[in-house]
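For reference, the chains in residue letters:
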Amino acid sequence: MRESLHNLLKIQEIDKEINALHQSQVDFPLEIDTLEVELKNARDQLDAQQQRSEELEKNRRTFERDLEAIEADLKKHQDRLYEVKTNKEYDALQIEIAGLQDRKDDHETAILENIEMIEEIEAQLGEDKKYYREIEKDRQKRIDELTAKLNSIEKNVRAWERKRSAIEPHVEPGLLNVYNRIREVVKGGVAVVPVHKGACGGCYRQLSPQRLVEVRRADSILRCDGCRRILAWREDEGAV
Ligand SMILES: [Zn+2]
């Protein structure tokens, strides 16, 4: 039984590895999704800013074309000032010129404001692009890492299972059955625990001297009265 328990501890280590690998198959894709969503959101934000900048640029060109037309119109009106015959015509023309002048001013202000906004967005865009390049490199590295690990999980699981199969024949079947049953119900899948400082290594309940002797002798399957795990003696625990 002692040899069986020793091998059972090895099997349990292997089972922990296999469990961790299976858990990774759940966790890694979730982490990859999160990273990809983060990158996509950052990219979308950059695209939105880029689009806003382009819209402002387009508006500015429209304003500039309108301004040119207004200026041409204004010049035409100003030239006509020399041709009018009556004061009434002159006054009417002046009113039109004043109106055009106002429109010219408004357009010039709008163009200036537009240029300022574009400069602001472009500066922000420069910062954001720099930040994006940084996180893209970092997150992509992690995604590649996780993907590579995911791709090798099945292979690793099979390798551990082969090791497990090689040890299994060296564990008494009855003990292996108990182990498998306990594993299904206990937290963390730990079903066999070494005795540590005279206590159960699973729930830390102190064992009676009689119990300790029995565990060390390992004639039969001994389970902790507290957590029902299988107790195993560790070589380094010393004499009882
Ligand atoms: Zn216990």
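Residues numbered from 1 in each chain as written. Predicted model: local features only at pLDDT ≥ 70, side-chain atom pairs only at ≥ 80, totals over all residues.

Across its full length, the protein chain carries 4 helices and 3 strands. Walking the protein chain from its N terminus toward its C terminus, one meets helices and strands in the order α-α-α-β-β-α-β. The C-alpha atoms of the protein chain give 40 Å as radius of gyration, which overshoots the globular expectation for 240 residues (18 Å, by more than 25%). Oriented by its inertia axes, the alpha-carbon framework of the protein chain measures out at about 130 × 35 × 25 Å. By the burial criterion, 11% of the 240 residues in the protein chain qualify as buried. Contacts in the protein chain between residues far apart in sequence, at least 24 positions, make up 73% of those at least 6 positions apart. (Helix = DSSP H or I, 4+ residues; strand = E, 2+ residues; numbered from the N terminus. Rg over C-alpha atoms; globule rule 2.2 N^0.38 Å. Buried ≥ 20, exposed ≤ 12 C-beta atoms within 10 Å, placed from the backbone. Contact = placed C-beta atoms within 7 Å.)

The mixed open sheet is built from 3 strands, whose spatial order is β2-β1-β3. Both edges of this open sheet fall to β2 (199–200) and β3 (230–232), since each of them pairs with a single strand only. As defined by bridge partners, strand β1 (residues 192–196) adjoins β2 across 2 bridges and the pair is classed as antiparallel. The residue bridging His196 from the neighbouring strand is Ala199, located in β2. Contacting β1 and β3, helix α1 (residues 2–80) crosses the sheet at an angle of about 115 degrees to β1. (Pairing = 2+ DSSP bridges. Axes fitted to C-alpha atoms, helices over the stretch in contact; angles between N-to-C directions.)

Turning our eyes to something else, we now look at helix α2 (residues 87–167). With 81 residues, α2 should cover 120 Å at 1.5 Å per step; its first-to-last C-alpha distance of 115 Å lies within 8% of that length. At Ile153, α2 shows its largest bend, some 40 degrees. (Expected span 1.5 Å × (residues − 1). Bend = angle between axes of the 7 residues up to and from the residue.)

A positive phi angle, near 50 degrees, is found at Lys197, a position not held by glycine. Residue placement: Lys197 occurs in the loop between β1 and β2. You will see that Tyr204, though not glycine, has its phi angle at about 65 degrees, which is positive. By secondary structure assignment, the location of Tyr204 is in the loop between β2 and α4 (209–217).

Position of Ala110 among the secondary structure elements: in helix α2. In the structure, Ala110 is positioned 47 residues away from Phe63 in sequence and 7.6 Å away in space, judged by C-alpha atoms.

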